[in-house]
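Survey of secondary and tertiary structure
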Amino acid sequence: MKATTKIKTRSLMACLALTASVQAAEADQNRIHGGELVLAPTQTNAHVRNFNPYNFSVGAFYAQDFIYEPLWIYNIAHPGQDFPRLAVSFETADDLRSVTYHLRPGVKWSDGQAFSADDVVFTFELAKSHPAFPVGLDIQSDSNPNGLIVSMEKVDDLTFVVRLSKPSGLAHEHIGVMYPLPRHIWKDVQDPTTFANSEPVATGPFTEVRSFSMSQFKVCRNEKYWDAGKPYIDCLKFPQYSGNDQTMLAARAGKIDWLGDGMSDPERTYVNGDKHNKYWFPAGANANLHLNTHKAPFNSLPFRQAFSMALNRRFILDVATFGLTTETQFPIGTGELYKDWYDAQALQPYRYLMEYNPKRAKALLDENGFVDRDGDGWRDNPDGSPIEFKLAVPSGWSDWVNTMMTVSENLRDIGVNAHLSTQDESTWFAGTTQGDFDVYIMWTKPSATPHGTYSLMFATDGLAEGRRLEQNMHGMVIPEINQALDRFAQTQDRAEQKKWLTQVHKQVAEKLPVITLFANPDWYQYNDSRFQGWVTQDNPYVRPMLHLGVPERGVHVLNLSLRKEAAAQVARQ
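Cut-offs and rules
Residues numbered from 1 in each chain as written. Predicted model: local features only at pLDDT ≥ 70, side-chain atom pairs only at ≥ 80, totals over all residues. Heavy atoms only, no water. Phe/Tyr/Trp six-rings, centres within 6.5 Å; stacked < 30°, edge-to-face > 60°. Helix = DSSP H or I, 4+ residues; strand = E, 2+ residues; numbered from the N terminus. Buried < 20%, exposed > 50% of the residue type's maximum accessible area, 1.4 Å probe, protein only. Lys NZ or Arg CZ within 6 Å of the ring centre and 35° of its normal. Salt bridge = Lys/Arg side-chain N within 4 Å of Asp/Glu carboxyl O. Pairing = 2+ DSSP bridges. Axes fitted to C-alpha atoms, helices over the stretch in contact; angles between N-to-C directions. Contact = heavy atoms within 4.5 Å. Polar contact = N/O pair within 3.5 Å; in protein donor to acceptor, adjacent residues only side chain to side chain.

Let us now look at the packing of aromatic side chains. Under the counting rule described, the total for this entry stands at 40 aromatic pairs. For the ring pair Phe-51 and Phe-217, a centre distance of 5.6 Å and an interplane angle of 75° mean the geometry is edge-to-face. Taken together, the residues span a long stretch of sequence, with Phe-51 in the loop between β1 (36–40) and α2 (60–63) and Phe-217 in strand β9 (residues 216–221) at a distance of 166 residues. Assigned by exposure class, Phe-51 and Phe-217 land together as buried. On the basis of an interplanar angle of 65° and a centroid distance of 6.0 Å, the ring pair of Trp-397 and Phe-429 is categorised as edge-to-face. Taken as a pair, Trp-397 in the loop between β15 (388–394) and α12 (398–413) and Phe-429 in helix α13 (residues 425–431) lie far apart in primary sequence, 32 residues in all. Residue Trp-397 is classed as buried on the basis of its relative accessible area, which comes to 17%. A residue is classified by how much of its surface remains accessible, and Phe-429, at 5% relative accessible area, is buried. The ring of Trp-226 carries Arg-104 above its face, with NZ or CZ at 3.9 Å from the centroid. Stacked on the ring of Trp-341, the Lys or Arg Arg-494 has its end atom at 3.8 Å from the ring centre.

As structure tokens, this is what we get:
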């Protein structure tokens, strides 16, 4: 029972850490209930009433973490100090072939129905029967024979067991992030991928949609929320902003409590607008370019290598991203967040791929037949077909727009006809699953270990056209990476894990499924005139960002409460 005991202990420590953290946070604060928190987690031209937590074009931005809660929230900023949510503990079997979860007793859906293991198993079965429904579980199937999860089985109302296709000590990283759905509501849904879920029934802290228009909507407290006394805030208010400029105009005036926008000079463009405007940009996960390797010229390794060497990353770091991003040393798709996992000596031979060398890039293209064959001034594929492609980026994301503009200019300097393609944010997100693209810029998703990040980047169940995952848009299957990740998951010895991770790093550097750019800052701005309990550099209890993909935002919002001055103002209204 060694593995079981070890992981049980870790679960207990997580609970104790959470309790201590919350007690410490509450000890010196006078909590006041009430108020409407104004948030801007994303940008759109018009709000669409969709609260499907697995709709990554619209619903997930608002439904995940606020309306629906996961089983477990990893504290990425403080490994080992996790936040058990709908599950309170888990046990991995001695042979690493199953994981047993224990659910939190007393949890109810917002319509009063009891939450149970039936709902969790139902969500798994729904994902299994609808492969295009992106629940994110690595389910074994005919189309995904190497999938990790074979089955989920109810043991009793508060217990379920997950059977695995192969030994894994890290399966919880995949399963714990699942957002269960209410069986009594979703069992009658014909197609979960198109279900708008306009009247959500959920277990999260905010479930009641009080008002909705294309320009603003409001979601208010769940009176049946399991954590007694929380949330402290009455409602979340989501105004509509179509781009960075519009968002920053409102934020600078102190009209937004919480946001996460890229900005070049935060002191001048944000802080000077209101004395309560604050920001903190800790180093975050990497941003990479995903080239569609299912078509030319991106299916050519020499082309991808030339692409990487053509990029002036120093200019991108210092100018395009305003000096707020961090250099990534090696072409492995991850950066500073996991620097302690590097084997720098093993990766040094690939360092040249991160260096700006347009001369060498042009020579490599010439050697491999990517030359101008029709005299129009642009390089063509070796078969004579023209090379012309788009670099897709959301129109309002100025730092990434600048980056892609620089990429376009760098490629055109070596004779490659690449165009910047700015898109409405919703359109851009919708395009991530289709596979019909040339080049996308994309973040990496942090995890408790690099294994989680690379597992998403090389998940074989997300490669079918029409249902790709945002993390593996490159579309490349590299069996050596999946094998090394399997070996990583089969041990809990850090040195052994690092050995297998080095194999992953070398395969990424050799085959370049993604073009590594830089480590993004974690964009985080807030106005503390009305609410207290914010994550700060001095009290970094969780990652502070508001955007989708940061489950800790659900912990963050539960720690916010009205300041006395703001409460008095609310009382006078």
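Let's pick the thread back up.
Let's shift gears to the pattern of salt bridges. Applying the stated criterion across every chain, the model contains 24 salt bridges. Among the salt bridges present, the one from Glu-69 reaches Arg-85, with a minimum N-O distance of 3.4 Å. With Glu-69 in the loop between α2 and β2 (72–73) and Arg-85 in the loop between β3 (83–84) and β4 (87–92), the pair connects residues that are 16 residues apart, well separated along the chain. Taken as a pair, Glu-69 and Arg-85 share a single burial class, namely buried. Arg-314 is the salt-bridge partner of Asp-318, the closest N and O atoms lying 3.1 Å from each other. Placement of the pair is Asp-318 and Arg-314 together in helix α9 (residues 313–320), with a separation of four residues, close to one helical turn. Members of the salt-bridge network, linked through shared partners, are Arg-314, Asp-318, Glu-327 and Arg-351.

A separate point is the sheet that holds strand β5 (residues 98–103). To summarise the sheet geometry, strands pair through backbone hydrogen bonds and adopt either a parallel or an antiparallel arrangement. If you trace the four strands from one edge of the open sheet to the other, you get β4-β5-β7-β6, paired in antiparallel fashion. Edge positions in the sheet fall to β4 and β6 (149–156), since each of these pairs with one other strand and no more. For this sheet, the mean inter-axis angle between neighbouring strands, taken without regard to orientation, is 20°. Alignment of β6 against strand β7 (residues 159–164), held across six bridges, turns out to be antiparallel. Looking across to β7, one finds that Ile-149 is bridged to Leu-164. Strand contacts of helix α3 (residues 117–129): β5, β6 and β7, with the helix running at about 160° to β6, the strand carrying the most contacts.

A few words now on the sheet that holds strand β13 (residues 283–291). Overall, mixed pairing links the six strands, which are arranged β14-β18-β13-β17-β15-β16 in an open sheet. Two strands close off the open sheet at either side, each with one partner strand: β14 (326–327) and β16 (417–423). Note: β15 against strand β17 (residues 439–443), two bridges, orientation parallel. Bridge pairing in β17 places Ala-392 opposite Tyr-440.

This part takes up the side chain of Thr-159. Tracing the backbone shows Thr-159 in strand β7. Looking at Thr-159, its side chain comes within polar contact range of the side chain of Asp-156, at 2.9 Å. When neighbours within four sequence positions are excluded, Thr-159 is seen to be in contact with Thr-100, Tyr-101, His-102, Ala-117 and Lys-154.

To continue, consider the pairing of β13. Of all nine residues in β13, eight are buried, a share of seventy percent or more. With six bridges joining them, β13 and strand β18 (residues 514–521) adopt antiparallel strand pairing. Paired with Asn-286 across the two strands is Ala-519, which belongs to β18.

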